[in-house]
Structure formats: structure tokens, C-alpha cells
Amino acid sequence: MSIALITGSCGLVGSESVDFFIKKGFVIVGLDNNLRKTFFGNDGSTLWIKNKLIKLNKNYIHYNADIRNYINIEKIFKKYKKEIKVIIHCAAQPSHDFAKSYPRLDFEVNATGTLNLLDLTKKYCPDSPFIFMSTNKVYGDNPNKLNIVEKANRWELKVNDKFYNGIDENFSIDNCTHSFMGVSKSYADLIVQEYGKNIGLKTVAFRAGCITGPNHSGTKLHGFLSYLVKVCLSKEKYSILGYKGKQVRDNIHSLDLVNCFWHFFKNPKKGKIYNIGGGRYSNCSILEALYFVEKEKKIKIKKKYISKSRIGDHIWYISNNSKFKRDYPGWKQKYTNKKIMLELIDNF
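Residues numbered from 1 in each chain as written. Predicted model: local features only at pLDDT ≥ 70, side-chain atom pairs only at ≥ 80, totals over all residues. Heavy atoms only, no water.

Visitor: Tell me what's going on with the packing of helix 6 (residues 103-124) against helix 7 (residues 180-197), and back it up with residues and numbers.
Guide: Two numbers describe how helix 6 lies on helix 7: the axes approach to 8 Å, and their chain directions differ by 10°. One element, helix 6, and the other, helix 7, form an angle in the roughly parallel class. Contacts from P103, D106, F107, N110, A111, T114, L115, L118, D119 and K122 in helix 6 reach F180, M181, S184, K185, Y187, A188, I191, V192 and Y195 in helix 7. In the contact of helix 6 with helix 7, the residues fall into 12 nonpolar, three polar and four charged. (Axes fitted to C-alpha atoms, helices over the stretch in contact; angles between N-to-C directions. Helix = DSSP H or I, 4+ residues; strand = E, 2+ residues; numbered from the N terminus. Parallel < 35°, antiparallel > 145°, perpendicular 65-115°, else oblique. Contact = heavy atoms within 4.5 Å. Nonpolar A, V, L, I, M, F, W, Y, C, P; charged D, E, K, R; others polar.)

Written as C-alpha cells, this is what we have:
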């Protein structure tokens, strides 16, 4: 039996990974205790995804497990041992704002939980690739120091700027403000690298931009595009936090991202990091996303502008996917920003 152990299995990337790897013939051991509901309230609950996964997939085994609890997690690893052929670690506390109010809980989930999983991988299934969902927030607010210029509906770089095609893995993570969440994820990112480079596990950290898709339980504090579509189509007022709503995000569909996991699984390396996101292929500003929904649905969205931006928020961020494409030339993006938006609207 080939098992894919997936943490955060009821979240956006986790649930996409469940569906994908089941189709590849794996049995899934999913770990998810719906801590997202604690972070974000009922809107953030992933119970609906859990119920769907259990109903539709006979090869999905669910554990209501907390990755902070080493003893309980060890029981799962000990049960399946080397039947575990890949670990996909998606469980996280993903919000700047939540982390600032609850820094200890944030660190325990993002940092201690990751260390627990790495140690258990080393102990019970050391040949299994360990795939970690990191974040572009490891770069803190350094991207805001680029030569960004203001356009009508977005902030942008000049075409001849060295970073026009996106931020690569050589970009500094130092001398900046990270946010508490950025710090806890940075620790996790670095320890994943060390278990590869220092100990020899087949580890990778994917530093993602904005991940999106129809399985996202988007909330005000996390889940940019899905939350935006939900608010707009519910005819509620959308609050724009800082930067005139012109801040740019690159958006990668969860299926395109999980395809990256598959390519790495087939040809794993040790201690790798990859910036991964929509890149120049798929990105938009908040205003551009709002205008798209207005045009597509022929509605006028009520907007509330708040001048104060979030700590550690990016004015402009586009991922440079070149390193991953060089190492895995078979990977191709399928979802443009337009295709992503239309799917979110259709699935509302």
C-alpha cells in the first residue's frame, strides 16, 4: 500500500492534494483538526471539505489530529511506517493578523508542528519525499523596497527592472519586517531545508504567492480571491486595506501547485526551495479583481477604503518560477487569472 500522508488535508491545498494523489493510486492518510475554525470562525471552517472527502473517497483515512501533539502524531507514523511514500505538509496558521494576537499559538502550529513532522519522517519513513508549503512571507516586506511605480489600477515595476519577471530565491529574507506569521513560517522553511541538507531527507519548501481555488474557505483574514468573490457576490461591502487597492498578487490555482508536488515526488531532491506562484502568467491587483467581478456579473460593488495597510503586507509581489521550471521542465501552468476568477464565480 502506497500512502500519502497529508497534513491540513481539508484545507485548500491539502484537499486538492488528496484528490490528486488518490487519482494516482495512493491511499491518503489525512491529518486535520479544523483549527482553521479557531483562527477565523465559522467562515473558515473546513468541515464541509472533510465531509466531502470522506463521502467521495473510499481511500481517504481521516485523523482528527493536531500536529503540535508529538505523541499522538507519532502513533500515526508508527502505524504506517514505510508504507508512507510521501509527506505533504500543508497545515498552517496563515494569517498576519491572527499571529500578532496569538504569537505563541502561531509559532507552535507553524514551527513546532513542522519540526515534529520532520523528526517523525526521519524516524519512520526517511526515504519519503517531504513537501512543505512555505510562503512568500519569508521575504518580509523587502519586496516593498523595490522601485515600484503607480499605475491607474495597480502598482508595477518597469519592464527593464531586474525583478520585473518576479522575485527569485536569491531575494533577501533579512533586514525587514516579517510579521509574526512570516517569522514562524521562516523557521519552518529553514528547518525543512536543514533536514535535507544536514540530515539527508528529500525535502522541499515551496514559497508560494497567493494560492486559490474553489475549495478555499476564504475569510477576511486569509484567502484573498475566494473571499473577495464571496463578499462581492453576496452584495456586501468590500474593505480595501491600504495601498489604494492597487497592491498586486500573483495567483496560482491549487491544482497547478499540486502538480508541482507530483513532479517533485517523481524526482525528489534534498533541501530545495522554490518560489512558486502565478508569476507573470496569472496575477492581478485588488482593484483589477473587483472590476473583473463587476464586469462579469454586471454589478456595482460597494467598496470601503482603509488607508492603513496590514503589517508585512506586500505592495507588489510576483513569483519568479524559473528555478522550478528549469529543474522540472515538464510542469506547465493551466490556470490564468481569468480562468481562476471565472471558476470562483461559477462555484459561489
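Visitor: Which residues make up the layout of surface pockets, and what are the values?
Guide: Over the atoms, a rolled probe matching the size of one water molecule traces out where space is still vacant. Size it by volume and the second largest pocket reaches roughly 250 Å³. Lining the second largest pocket, in full, are H96, D97, K100, S101, S179, F180, K308, S309, R310 and I311. Of the residues forming the lining of the second largest pocket, the biggest block, four residues, is contributed by helix 5 (residues 96-101). By residue class, the composition of the lining of the second largest pocket is two nonpolar, four polar and four charged. (1 Å grid on protein atoms, 1.4 Å probe; cavity = no way out; pocket = protein on both sides within 12 Å on 5 of 7 lines; lining within 4 Å. Points joined across faces, edges and corners; volume = space filled by probe spheres on them.)

Visitor: I'd love a proper account of the nonpolar core, names of residues and values included.
Guide: Within the largest apolar cluster, 36 residues are counted, with the highest numbers of intra-cluster contacts made by V13, F21, I28, M133, F206, F261 and I276. Only strand 1 (3-7), helix 1 (12-23), helix 3 (47-56), strand 4 (84-89), strand 5 (130-135), strand 8 (203-208), helix 9 (254-266) and strand 12 (272-276) provide two or more residues apiece to this core. No other element matches helix 9, which puts seven residues into this core. Setting aside residues no more than four positions away along its own chain, F21 makes contact with A4, F26, I28, V86, I88, V258, F261 and W262. I3, Y63, A65 and F132 belong to the second-largest nonpolar core, a separate cluster that totals 29 residues. (Core = buried A, V, L, I, M, F, W, Y, C linked by side-chain atoms within 4.5 Å. Buried < 20%, exposed > 50% of the residue type's maximum accessible area, 1.4 Å probe, protein only.)

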